[in-house]
Amino acid sequence: MRAPFLTACLALAMATGFADAQDLASLSVTDAVALLCARNITAVEYATAIVKKTQQHECLNGFAHFDPDKVLADAKAIDDKAAAGEDVGPLCGLTFVVKDNIDVLGYPTTAGTPALVGAMPKVASPIVQRLLDANGVVLGKARMHELAYGVTSINPFFGPVLNPYNNLAHVGGSSGGTGSLVAARVAPAGFCSDTGGSCRIPAAMNGVVGYRPTTGCYNSGSGVVPMSVVRDTVGVIARSVKDVNTLNPIFTSCEFNPTDVSLEGLRVGYAVDFWSGIGNDTVSAYNEALEALKAAGVELVDLSLEAVTAAHMEQGDNLYYSYEMPRELARYLAWNEYNVSLTELTKAVATPSIHDNFGYSVFDQDLNTWPTPADYFYGIAEGTPHIQGLWNQTFSNASVDVILVPTTRIPARPIYATDGMAEFDGKWDFTYNLLGQAHMADVPPKIPSIAFPAGLADDGMPVSLMLYARPGDDSTLLSIAAAVEAALPAIPPPPETPACQGCSSPTATPITVEFPAEALVTPSSGPVNVTMYILDIKGSCALQAANDFPIFPPTF
């Protein structure tokens, strides 16, 4: 039964003369803040519209924790402060979703894993405290890939998050819930975390903007379920670069002085090696975006990131989180005094590939298996500085301040045909090769980057561009990104009514699929077994019933 306060607020939303709830919920961060701070709408009116939109999109499975009464009570507290003459800026009651590995007082931090169900943190993450101190309202906690250890947000325990552009498609990861909710106009923006693409890949899959700041600029303290202290950072997903620029002064601890940038004559690095491997279904959309930038005066400067990528791969793609994650996660559990050990958490992991890979790090590694302490400290002292030098050399040799790459090589694929593998131009490749190519070598050297929509693929799913800048040069990155975004046509929003409306939350059952060598893009000496998923959505909705989904696995 609905609480009286919630019922009254929903009635108020229907009666308000400003606009219907749909219009209020669709406001950008910048526009919503302007209206809220001018007191043209109250925080309760705005939050009520968001709550209503949230309930209409429940089937997307984007929320891990959502308490509408708490949201409205927190919004009312902002209005009460304003009525008392207190300053409620700079956010004035803006609602904001938080990824479920970031600690918020009063909400569990589940991190998408069974052992942390009901785990209540001792303190809020410092980055969340900045949101609250700015008079923002936590909308809820967003679902994610289990332990942030993947790029699809297909979770066999809590169910997959559905893509608002096509409810049968995945949303990217690991911050998939934040990406889906922002794209669906349920949340104006939200926190993500990024260890190797986890802000930017969901942004690409959902047609929104994902920003990974220079590592260290967003202070999250001990308030994030960790993977790697070297690689982890909190970031922001929003609907525009302009909105990121509105939020960044609130969240960053680093210098930030954005300026207006003209694209006429602007030199932008064009990483030819990253552009050579995009899927055929994205070529048309990417070409149109590149032509729009050239028409606006951008000079694309050919360069290669091959040396950077090779040095990173030589160091080892998994070096930092394979070594750090067990140690840091054990520390996090002890700090919060959760009644669960690292061993218990690892044994309860629901995703088969994570159970195997992370389980190896916890149970099978010793001081003589890679990465050893010597491997790790060599990476810190020698490997990462070498990669950083190669990045600096690339920027300097090309005389560019930013480098442009496709955020992913393919758009979002169907959940029932994605996870370990995904289809690529008639063959199959490891999903991380297709979604994560541009997101690993930039992380150890603290490179900031931002992903933003570039158009729609042949199947109508969003495709995305990404810009890199030098560490600490977030002002230049976001200034140029805003100018580039303005030169590109806006992509249409997803359908207002999700096709899954009327159905229950989805489930995904893992299965093992054997892919013959001849079906694979990556050469293999024999067949490869990977985990894929059977999608199940029950109820009466516009989506197909589960039994009508295309048969998977395919017949080779």
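All of the points below concern the structure found in this document.

Cut-offs and rules
Residues numbered from 1 in each chain as written. Predicted model: local features only at pLDDT ≥ 70, side-chain atom pairs only at ≥ 80, totals over all residues. Heavy atoms only, no water. Helix = DSSP H or I, 4+ residues; strand = E, 2+ residues; numbered from the N terminus. Rg over C-alpha atoms; globule rule 2.2 N^0.38 Å. Buried < 20%, exposed > 50% of the residue type's maximum accessible area, 1.4 Å probe, protein only. 1 Å grid on protein atoms, 1.4 Å probe; cavity = no way out; pocket = protein on both sides within 12 Å on 5 of 7 lines; lining within 4 Å. Points joined across faces, edges and corners; volume = space filled by probe spheres on them. Nonpolar A, V, L, I, M, F, W, Y, C, P; charged D, E, K, R; others polar. Pairing = 2+ DSSP bridges. Expected span 1.5 Å × (residues − 1). Contact = heavy atoms within 4.5 Å.

## A word on the overall build of the protein
Working step 1: Along the protein, the regular secondary structure elements total 18 helices and 15 strands.
Working step 2: For the protein, the C-alpha radius of gyration of 22 Å lies close to 24 Å, the compact-globule estimate for 556 residues.
Working step 3: Expressed as lengths along the three principal axes of its C-alpha atoms, the size of the protein is roughly 65 × 55 × 45 Å.
Working step 4: Here the protein holds 556 residues, and 61% of them are scored as buried.

## A look at empty space enclosed by the protein
Working step 1: This model, assessed by the stated rule, comprises two cavities of 30 Å³ or more.
Working step 2: In this model, the largest cavity occupies a volume close to 40 Å³.
Working step 3: Lining the largest cavity we find F274, L305, V308, T309, W391, Q437, A438, H439, M440, A441, D442 and Y468.
Working step 4: Empty space within the second largest cavity amounts to approximately 30 Å³.
Working step 5: As for the second largest cavity, its lining consists of N101, A148, S193, T195, V224, V225, M227 and D232.
Working step 6: Its residues assigned to classes, the lining of the second largest cavity comprises four nonpolar, three polar and one charged.

## Section: the pairing of strand β15 (residues 528-536)
Working step 1: In terms of burial, β15 is a largely internal element, seven of the nine residues being buried.
Working step 2: Here strand β14 (residues 507-515) pairs with β15 via nine bridges, running antiparallel. Across the sheet, T507 pairs through a bridge with D536, a residue of β15.

## Some words on helix α18 (residues 474-487)
Working step 1: With 14 residues, α18 extends 20 Å between its outermost C-alpha atoms, agreeing within 8% with the 20 Å of an ideal straight helix rising 1.5 Å per residue.
Working step 2: Looking at the buried positions of α18, the neighbouring elements they touch are β5 (209-212), α9 (241-251), α11 (283-295), β9 (402-406), β12 (449-456) and β13 (462-469).

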